[in-house]
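Residue-level structural notes
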Amino acid sequence: MTSSKTRGCLSSLTPGKPRTHFLSGKCLVFVASVALLCVLDFALRSKEGTRRVTTENSGTWSVFKAKESDKTTSGINMTKELLRLDPTIFAEIPRQTLPDFKNPCWYEKIPEAELNSNPYRTHKNCYSDKKTMKSLNKIAKHFRDGLVQNGTEYFRLRCLPYFYIIGMPKCGTSDLYHRLTKHPDVVGGMRKEPHYWTRRCFDSRMTGDIPNVTVPVREYLDLFDGAARIIKTQIKKRLTSSGQEVVNHDVITGEASVSTLYDNRRWGREAWDISRNEPSVLVASLLQAVQPHARFILTIRDPTERLYSEYLYFTHGDKSAASFHDNVIVAIDGFNNCLKNNSVRSCTYEPNLVEKRTVRLRLGLYEVYLRDWFNIFPRDQILVQRLEDRSQDPHGTMTRVLEFLQLGPVESKSQEDAIFTLNKKHVRKPTDARVGPMLPKTQRILNEFYRPYNQRLAALLNDRRFLWLKESTVSNL
């Protein structure tokens, strides 16, 4: 809730527009003839202390008032630790967003010297690929036209995703994302999988536990500038009981980085508890601090089938059921050796555990990852579905997704067909199909390995379907 002091120092951006409350990391607000600092108090988490954001010309700083109860089981203070690990994120992304926007958006002040320049000129690393830069440069040509003016100051609309499709690989995330973006109230970003929260960007060369790229959060936000323009212009009007017209922006955006659920390499060993040999801070904790009301969609499938599908998809050159079997034996032996001296959670997150990229055994331990997420976010903000169910009943499963995102009905038959009967994305290639199914002995070994984790997952979700006792019906993915 916005305090009366905050309401007094924030003004609307356009004449006649209902008052909007926002606080940008670089916004300077003056009241009357005396410079006053606008203060926005909020709790990073329900049990965490207060983070106070204060802004001046010289920059932004944050002060934490930590409580003893804020300490985790490892003894660290989560609030302070997140600020230490990612201070710029809390400076760039405000806690308050525009109240008449369904999607989390806010206005950011543009320095006068940058009004006529290309805001994307400094892009580098993995968000500067040819396709992305073509889209950004197209927006840059009309950048000033999209700004909002308040007197002599200019502001741009910034938006975070409303929803995140968080995984897993080879579980139909591309198919789900493309279905959703066919809804009239959903617009995608410039990249389906920016992988920002886990790896700071997508880089297939990244190995081990230390990311070799660092992308500023502003470049991640830039990926949603095209969506922000659509969100701003698409409005719906309604009348209150008193006859007052209310304008709402109901269009939302999202992304589908499959690494969000499981990959915790964002900080490398900085976020590792040496004494317990487990991660002390999770990416989910960062997302909860930055965006506590975000919605997450997780689609998973029989972990045995998922592993084989991933092997076929990522293996280049010679591939065979026999080679897959050999890699599975190596992966299981490596994981079991880790378990001799460490917890399951430790081995699941261990960034340097020896395994091949094409046989990532740990990604099928859904229960370990999901239990952590449930400890951080309320369960009603995470929708968990099986890919098998979407293959058998696409209309029913997609209806639940639309309800979860609080989306209205589609507007045309073509949109309905695209959402409920769209062809699957990233289906198995004909050359991979010719490899044939995995060996029966490999399937038996993997089913035995995953059985206890599936049992705990089914208990966690209170749903026996997650035992995957029947044969998979999505083996072509």
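Scroll up to find the structure this text is about.
Let us look at the structure shown here. (Residues numbered from 1 in each chain as written. Predicted model: local features only at pLDDT ≥ 70, side-chain atom pairs only at ≥ 80, totals over all residues. Heavy atoms only, no water.)

This next bit is on empty space enclosed by the protein. As enumerated under the stated definition, the model contains 6 cavities of 30 Å³ or more in all. Every residue lining the largest cavity is listed: Tyr120, Ile139, Phe143, Gly146, Leu147, Arg156, Leu157, Asp225, Ala228, Arg229 and Lys232. Mapped onto the lining of the largest cavity, the elements with two or more residues apiece are strand E6 (153-159) and helix H8 (225-233). For the lining of the largest cavity, the element with the highest residue contribution is H8, accounting for 4 residues. (1 Å grid on protein atoms, 1.4 Å probe; cavity = no way out; pocket = protein on both sides within 12 Å on 5 of 7 lines; lining within 4 Å. Points joined across faces, edges and corners; volume = space filled by probe spheres on them. Helix = DSSP H or I, 4+ residues; strand = E, 2+ residues; numbered from the N terminus.)

The subject of this paragraph is the pattern of salt bridges. Applying the stated rule across the entire model yields 30 salt bridges. The closest approach of N and O atoms between Lys236 and Asp185, which form a salt bridge, is 3.2 Å. Of this pair, Lys236 sits in strand E9 (residues 236-239) while Asp185 sits in the loop between helix H5 (173-180) and strand E8 (186-188), placing them 51 residues apart in sequence. Overall, the relative accessible area of 10% leaves Asp185 in the buried class. The salt bridge partner of Glu367 is Arg456, with a shortest N-O separation of 3.6 Å. Of the two residues, Glu367 sits in helix H13 (residues 366-376) while Arg456 sits in helix H18 (residues 440-461), which places them 89 residues apart along the sequence. (Salt bridge = Lys/Arg side-chain N within 4 Å of Asp/Glu carboxyl O. Buried < 20%, exposed > 50% of the residue type's maximum accessible area, 1.4 Å probe, protein only.)

Arg451 marks the point of greatest bend in H18, at about 45 degrees, and the proline Pro452 comes within the next four residues. Among the residues of H18, those classed as buried are Thr442, Leu446, Phe449, Tyr450, Tyr453, Asn454, Leu457, Ala458, Leu460 and Leu461. Count one or two residues on from H18 and you reach Asn462, which has phi positive near 55 degrees. (Bend = angle between axes of the 7 residues up to and from the residue.)

Looking now at the environment of Pro351. One can find Pro351 in the loop between helix H12 (344-349) and H13. Sequence-wise, Pro351 and Arg265 are 86 residues apart; in three dimensions their C-alpha atoms are separated by 7.0 Å.

With respect to the helices, strands and loops of the structure, Arg362 is situated in the loop between H12 and H13. Residue classification places Arg362 among the buried positions, given a relative accessible area of 8%. Considering only alpha carbons, one finds Arg362 and Cys347, 15 residues apart in sequence, at a separation of 8.3 Å. Setting aside its immediate chain neighbours within four residues, Arg362 contacts Phe335, Cys347, Thr348, Tyr349, Glu350, Pro351, Leu353, Glu355 and Tyr369. (Contact = heavy atoms within 4.5 Å.)

Moving on: the sheet that holds strand E4 (residues 105-110). Ordered in space as E4-E6-E5, the 3 strands form an open sheet in which the pairing is antiparallel. Two strands close off the open sheet at either side, each with one partner strand: E4 and strand E5 (148-150). The mean inter-strand angle of the sheet, taken between neighbouring strand axes irrespective of direction, is 40 degrees. Bridging between E4 and E6 involves 6 bridges; their strand directions are antiparallel. Across the sheet, the residue bridging to Glu108 is Arg156, located in E6. Across the face of the sheet, H8 comes into contact with E4, E5 and E6 while running at roughly 105 degrees to E6. (Pairing = 2+ DSSP bridges. Axes fitted to C-alpha atoms, helices over the stretch in contact; angles between N-to-C directions.)

Note on strand geometry: in a regular strand, side chains alternate between the two faces of the sheet. Within strand E15 (residues 382-386), 5 of the 5 residues are buried, which leaves the element mostly enclosed by the surrounding structure. Two strands pair when backbone bridges link them, and strand E14 (residues 295-300) and E15 are joined in this way by 5 bridges, in the parallel orientation. When the sheet's bridge partners are listed, Thr299 is paired in E15 with Gln385.

What follows deals with the state of the cysteines. A full pass over the atoms with the stated rule returns 2 disulfides. Disulfide partner of Cys105: Cys159, at an S-S distance of 2.1 Å. With the S-S dihedral at roughly 105 degrees, the linkage between Cys105 and Cys159 falls on the right-handed side. On the criterion of sequence distance, the pair formed by Cys105 in strand E4 and Cys159 in strand E6 is long-range, its members being 54 residues apart. An identical accessibility class is assigned to Cys105 and Cys159; each is buried. (Disulfide = S-S within 2.5 Å.)

Counting 91 residues, the largest nonpolar core has Trp197 and Tyr220 as its most contacted members. No other element matches H18, which puts 8 residues into this core. Those residues in contact with Trp197, other than ones at most four positions away along the chain, are Ile89, Ile93, Leu160, Tyr164, Tyr220, Glu255, Arg266, Val283, Leu286, Leu287 and Val290. Tyr162, Leu176, Leu407 and Phe420 belong to the second-largest nonpolar core, a separate cluster that totals 19 residues. (Core = buried A, V, L, I, M, F, W, Y, C linked by side-chain atoms within 4.5 Å.)

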